[in-house]
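# Summary of structural features
Now for the letters of each chain:
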Amino acid sequence: MASQATSLRPGRQAAPALAFENVLYEKKAGIAYVTLNRPNVLNALNTPTWTELRAAFEDARDDVAVRGVILTGAGNKAFIAGADISELAHLTAFEAEQSSRFGQDVLDLIENLGKPVIAAINGFALGGGCETAMACTIRIAVDNAKLGQPEVKLGLVPGGGGTQRLPRLAGKGRALQLILSGEMIDAQEAYRIGLINEVVPAAELISRAETILRKISSNGPIAVKFALEAVNKGLETSQSEGLLLEASYFGLCAATEDKKEGTSAFLEKRMPQFRGR
C-alpha cells in the first residue's frame with residue numbers, strides 16, 4: 001500500500017528507505033509509511049517484527065522532514081491480526097513478561113512520537129493489532145474491519161496495553177466487556193464506542209489518512225508536538241495538574257517563531273509559513 005501513497009508536497013523525491021524483512025518503510029515528502037508485511041500470517045507480530053517497528057518509528061521520530069506517519073498492514077485481510085501464536089506458545093512466564101514489556105515500549109514510542117500517527121486499519125486488528133492501533137494518534141478503518149482483544153480465549157490477558165488504553169478510549173464498562181469476552185466488533189461498533197475515528201471504503205483508506213495528515217501538517221509543528229504531549233501526559237494526571245501543564249506548553253509555544261508567524265499571517269489574511277522554530 002505504501003508504494004501507492006501520494007505525498008504532502010507533490011514533486012519532491014522520496015527519501016531513501018530503511019530495509020527490513022517484516023516491515024515496509026518509506027518516506028515521501030513529509031509522510032513516513034510503515035506497513036506490516038507478513039500477509040501470509042495476517043501480519044502477526046513476532047519479536048523480529050516488533051524490533052523492526054521500533055527501528056522504523058525511531059527513524060520517523062528523528063527525521064525532521066517527517067511530519068507524520070501512516071501505519072497499515074499488507075494485503076486486504078488484516079491490519080495486524082495479533083501476536084504470532086507459533087512464537088507465543090513456547091514462551092516461558094519470564095519470557096512472556098519480557099515480551100510484553102518490549103511490545104509496550106514500542107507502543108509507548110508510537111504514542112509519544114511527537115508527531116501524528118494514523119492507523120489505517122485495513123482488516124483484522126486483534127490483540128496486539130488492536131493495541132497497536134490504540135497507541136496511534138488517530139484510527140481510521142475500512143468498513144469490513146474487525147477489532148478486539150481475544151487474549152482470554154488463549155488463557156492470557158492483553159499484554160500490549162489493551163487493559164489500559166481500551167478503557168481510556170471506550171470507557172471502563174465497554175472495555176471490560178470486550179476484554180473479558182474476547183469478542184470481536186465490527187468497524188461501525190468500534191466507531192460508535194469511540195475506538196476508531198472514522199470508517200471509510202477500502203479504496204479511500206490511505207488517501208483519507210493522507211488528507212488528515214495534510215491538515216495537521218499545515219499547522220505549526222511545535223504546536224502539534226506540544227498539543228500531543230499535553231493530551232497524553234495530562235490524561236495521566238489530575239485535571240488541575242493537566243491545566244498547569246497546558247499553560248506551560250502554551251507559554252513555550254508563545255516564545256517560538258511559529259507563533260509570531262501564525263499570528264502575523266492571521267492578521268495579514270495570508271497562509272502561514274511555519275518553520276518549526
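Residues numbered from 1 in each chain as written. Predicted model: local features only at pLDDT ≥ 70, side-chain atom pairs only at ≥ 80, totals over all residues. Heavy atoms only, no water.

It is worth spelling out the environment of L243 at this point. You can see L243 is positioned in helix α10 (residues 239-254). Between the C-alpha atom of L243 and that of A230, which follows or precedes it by 13 residues, the distance is 8.8 Å. (Helix = DSSP H or I, 4+ residues; strand = E, 2+ residues; numbered from the N terminus.)

The next subject is the packing of aromatic side chains. All told, the structure shown has two aromatic pairs when counted by the stated rule. Ring geometry for F20 against Y25: centres 6.4 Å apart, planes inclined by 50°, an arrangement best described as tilted. Judged by its relative accessible area of 24%, F20 falls in the partly exposed class. Y25 sits in the buried class, given a relative accessible area of 5%. (Phe/Tyr/Trp six-rings, centres within 6.5 Å; stacked < 30°, edge-to-face > 60°. Buried < 20%, exposed > 50% of the residue type's maximum accessible area, 1.4 Å probe, protein only.)

Here the focus is the pattern of salt bridges. Using the criterion set out here, one finds 16 salt bridges in the structure. Where R174 meets E189, a salt bridge forms, and the shortest distance between an N and an O atom there is 3.0 Å. Remark: E189 occurs in helix α7 (residues 187-192) and R174 occurs in helix α6 (residues 172-181); sequence separation between them is 15 residues. Residues R174 and E189 agree in their burial class; the two are buried. Across the pair R270 and E261 runs a salt bridge, and its minimum N-O distance is 2.6 Å. (Salt bridge = Lys/Arg side-chain N within 4 Å of Asp/Glu carboxyl O.)

The strand order β4-β6-β8-β9 describes an open sheet built from four strands, whose pairing is mixed. The open sheet has two edge strands, β4 (78-80) and β9 (184-186), and neither has a second partner. Taking each pair of neighbouring strands and ignoring which way they run, the sheet shows an average axis angle of 20°. (Pairing = 2+ DSSP bridges. Axes fitted to C-alpha atoms, helices over the stretch in contact; angles between N-to-C directions.)

Relative to the helices and strands, N46 resides in the loop between β2 (31-36) and α1 (47-62). Polar side-chain contacts of N46 include one of 2.6 Å to the side chain of T49. Leave out the neighbours within four places in its chain, and N46 touches N22, R38, D84 and E87. (Polar contact = N/O pair within 3.5 Å; in protein donor to acceptor, adjacent residues only side chain to side chain. Contact = heavy atoms within 4.5 Å.)

Here we take up the nonpolar core. Ranked by size, the top nonpolar core spans 61 residues in total, and within it V34, L53, F57, V69, I121, L147 and L195 carry the most contacts. Among residues more than four places away in sequence, those in contact with I121 are F79, A133, R139, I140, A141, V142, A145, L147, I196 and L205. (Core = buried A, V, L, I, M, F, W, Y, C linked by side-chain atoms within 4.5 Å.)

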